[in-house]
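Below are the chains, spelled out letter by letter.
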Amino acid sequence: MASGPKVAVIGVTGAVGKEMVNVLHDRAFPLSELRLFASERSAGKTLETSYGSKTIEAFSVDAVAECDIALMAVSGDFAKEYAPQLAAKGVTVIDNSSAFRYDADKPLVIPEINPQDVGDARIIANPNCTTAILAVALWPLHQAYGLKKVLVSTYQAASGAGAEGMAELEDQARAYLDTGVAANKVFAHPLPFNLIPHIDVFQDNGYTKEEMKVTWESRKIMGLPDLALSCTAVRIPTSRAHAETAVIETERPCSPDEARAILSKAAGVKVVDDPAAKVYPMPLNASGKYDVEVGRIRQNLVFGDHGLEFFVCGDQLLKGAALNAVQIAEVVLEQRTVAA
């Protein structure tokens, strides 16, 4: 990587893949070459990017193996099949799917929290979007007060289901306004003017897999295997940027003013908290932003001086996916440059 790594983006025609390219350019990632990969049906097509016009290549292990780092925005099944093959050829794979998040020998990384876990791993997992947005706000509070319990409700945008989900919301909102009826293919029910308390498949315990991901992943990333965390995940009719409300019980006394001061200095967090002026996090404002916005910070009525309650918004396609992946690539480059 002496002259900068060669970077592959796999799944570049999807919403996350496109954002990965934008973020690489916006953050001036010091790559020497960028190659874009997708399925056979997209091969040969030209994609207009921040780097100019780029021709999409058909994915193959041998072609991607010519690169140093691969950012994968593909299905879990695809990642399980091909990421190990790429890693065996010396490629560092940063995977956005859930394929490797729970493997004990694969790091699951949010660079603001556990960059040291990257190490010399060849496959690094990107967390679930909901987890990433929440955890960057939880971590500095845990460092200050110690997390004892976390209760979360999420309000997740259509972007969580990719470009198809965003398109369905937009198309069916128009259909509903025109006809009074909306259809659904991507989502379990029509989404316009509706809320759906169902994301991913239901588990035996009554929670959905999306809800359990927040528990499993937060514990692993923060190194808190026994953290008591419960989540209810709801799909809402916004285009992008997820919102979450969090209630925390802490080991040590905490105060809203002190929490605001702590969060205002935290990497990846922006405090947006002036309710008297009607200023608080909202998806419209958080969309397209790198930082996770935190506001409505207040003492929780149940846990008293050992509890806080707050509202979080973050762009699902950025900190929830593409941005975090590129940040991991930055950590890989920094750590391996130092090691060399």
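Residues numbered from 1 in each chain as written. Predicted model: local features only at pLDDT ≥ 70, side-chain atom pairs only at ≥ 80, totals over all residues. Heavy atoms only, no water.

Q: Please explain the pattern of salt bridges as it appears in this structure.
A: Note on pairing: side chains with opposite charge can pair once their charged atoms come close. The final tally for this structure, using the stated rule, is 19 salt bridges. Across the pair E210 and K213 runs a salt bridge, and its minimum N-O distance is 3.9 Å. Of this pair, E210 and K213 both sit in helix 6 (residues 209-222), 3 residues apart, which is roughly one turn of the helix. Linked by salt bridges that have partners in common, E19, R240 and D315 make up one network. (Salt bridge = Lys/Arg side-chain N within 4 Å of Asp/Glu carboxyl O. Helix = DSSP H or I, 4+ residues; strand = E, 2+ residues; numbered from the N terminus.)

Q: Sorry, what's going on with the sheet that holds strand 1 (residues 6-10) here?
A: Across a sheet, paired strands are connected by hydrogen bonds in the backbone, their directions being either parallel or antiparallel. The 6 strands are arranged 5-2-1-6-7-8 in an open sheet whose pairing can be described as parallel. Strands at the two margins of the open sheet, each flanked by one partner only, are strand 5 (57-58) and strand 8 (123-125). For strand 1 and strand 2 (residues 33-38), the ladder comprises 5 bridges, and the chain directions are parallel. From the neighbouring strand, V7 faces strand 2, where its bridge partner is L34. Docked against the sheet, helix 1 (residues 15-26) engages strand 1, strand 2 and strand 6 (69-72), running at close to 155 degrees with respect to strand 1. Along the sheet, helix 3 (residues 76-88) contacts strand 1, strand 6, strand 7 (92-95) and strand 8; its crossing angle with strand 7, the most-contacted strand, is approximately 160 degrees. (Pairing = 2+ DSSP bridges. Contact = heavy atoms within 4.5 Å. Axes fitted to C-alpha atoms, helices over the stretch in contact; angles between N-to-C directions.)

Q: What am I meant to see in helix 3 here?
A: Side chains of residues three or four places apart in an α-helix project in the same direction, reflecting 3.6 residues per turn. Compared with an ideal rise of 1.5 Å per residue, which puts 13 residues at 18 Å, helix 3 spans 18 Å between its outermost C-alpha atoms and is within 8% of the ideal. Of all the bends in helix 3, the greatest, near 30 degrees, is centred on Y82, and the proline P84 appears no more than four residues after it. Taken together, the buried residues of helix 3 touch strand 1, helix 2 (61-64), strand 6, strand 7 and strand 8. Where helix 3 terminates, the next one or two residues include G90, which has phi positive at roughly 95 degrees. (Expected span 1.5 Å × (residues − 1). Bend = angle between axes of the 7 residues up to and from the residue.)

Q: Got a minute to help me understand the pairing of strand 7 in this structure?
A: On any regular strand, side chains alternate: one points to one face of the sheet, the next to the other face. Every second residue of strand 7 is oriented toward a common face, with T92 and I94 on one face and V93 and D95 on the other, all of them buried. With 4 bridges connecting them, strand 6 and strand 7 associate as parallel partners. Each residue of the ladder has a partner; that of M72, found in strand 7, is D95. Regarding topology, helix 3 serves as the crossover connection from strand 6 to the parallel strand 7, and that connection is right-handed. (Buried < 20%, exposed > 50% of the residue type's maximum accessible area, 1.4 Å probe, protein only. Right-handed = clockwise from strand over helix to strand, strands pointing away.)

Q: Looking at this structure, how should I read the pairing of strand 3 (residues 46-49)?
A: Alternating residues of strand 3 divide into L47 and T49, all buried, and T46 and E48, none buried. In terms of strand pairing, strand 3 meets strand 4 (residues 52-55) through 4 bridges, oriented antiparallel. Looking at strand 4, one finds that E48 is bridged to S53. The hairpin turn running from strand 3 into strand 4, its antiparallel successor, is 2 residues long.

Q: I keep staring at the packing of helix 4 (residues 129-145) against helix 7 (residues 256-264) and nothing clicks. Help me out?
A: The packing of two helices is summarised by the inter-axis angle and the distance between the axes. Orientation of helix 4 relative to helix 7, taken along the N-to-C sense of each, is 120 degrees, at an axis distance of 10 Å. Taken together, the axes of helix 4 and helix 7 lie oblique to each other. Crossing handedness for the pair helix 4 and helix 7: right-handed. Along its contact with helix 4, which presents A137, P140, L141, A144 and Y145, the element helix 7 presents E258, A259, I262 and L263. Residues of the contact of helix 4 with helix 7, tallied by class, amount to 8 nonpolar, no polar and 1 charged. (Parallel < 35°, antiparallel > 145°, perpendicular 65-115°, else oblique. Left-handed = near helix turned anticlockwise from the far one by under 90°. Nonpolar A, V, L, I, M, F, W, Y, C, P; charged D, E, K, R; others polar.)

Q: Looking at this model, I keep getting lost on the packing of aromatic side chains. Mind explaining?
A: Two numbers describe a pair of aromatic rings. These are the distance of the centres and the angle of the planes. Counted according to the given criterion, the structure contains 6 aromatic pairs. When the ring of F59 is compared with that of Y82, the centres are 5.0 Å apart and the planes differ by 70 degrees; the resulting orientation is edge-to-face. Taken as a pair, F59 in the loop between strand 5 and helix 2 and Y82 in helix 3 lie far apart in primary sequence, 23 residues in all. Among the residues examined, Y82 registers a relative accessible area of 21% and is labelled partly exposed. Their ring planes at 35 degrees and their centres at 5.1 Å tell us that Y176 and F193 sit as a pair that is tilted. One end of the pair, Y176, is in helix 5 (residues 162-179); the other, F193, is in the loop between helix 5 and helix 6, with 17 residues separating them in the sequence. For Y176, a relative accessible area of 35% translates into the label partly exposed. The class of F193 is exposed, set by a relative accessible area of 57%. Through a chain of ring-to-ring contacts, the aromatic side chains of F59, F78 and Y82 assemble into a single cluster. (Phe/Tyr/Trp six-rings, centres within 6.5 Å; stacked < 30°, edge-to-face > 60°.)

Q: Looking at this structure, how should I read the layout of surface pockets?
A: Its boundaries defined by the atoms lining it, the largest pocket holds a volume of some 1300 Å³. V74, S75, G160, A161 and G162 are the residues nearest the centre of the largest pocket, which is lined by 45 residues in total. Of all the elements in the fold, those that place two or more residues in the lining of the largest pocket are helix 1, helix 3, helix 5, helix 6 and helix 9 (318-339). Considered class by class, the residues forming the lining of the largest pocket number 18 nonpolar, 19 polar and 8 charged. (1 Å grid on protein atoms, 1.4 Å probe; cavity = no way out; pocket = protein on both sides within 12 Å on 5 of 7 lines; lining within 4 Å. Points joined across faces, edges and corners; volume = space filled by probe spheres on them.)

Q: When you look at the sheet that holds strand 13 (residues 292-299) in this model, what are you seeing that I'm missing?
A: On the basis of which strands lie adjacent, the open sheet formed by 6 strands has the order 10-9-11-14-13-12 and mixed pairing. What marks the edges here is a single partner per strand, and that holds for strand 10 (228-235) and strand 12 (269-271). Taken pair by pair, the neighbouring strands of this sheet meet at an average axis angle of 20 degrees, ignoring direction. Relative to strand 10, strand 9 (residues 147-156) runs parallel, the two being bridged by 8 bridges. If you follow Y155 over to strand 10, its bridge partner there is V234. Packing against the sheet, helix 4 makes contact with strand 9, strand 11 (242-250), strand 12, strand 13 and strand 14 (307-314), and its axis sits at approximately 30 degrees to strand 11.

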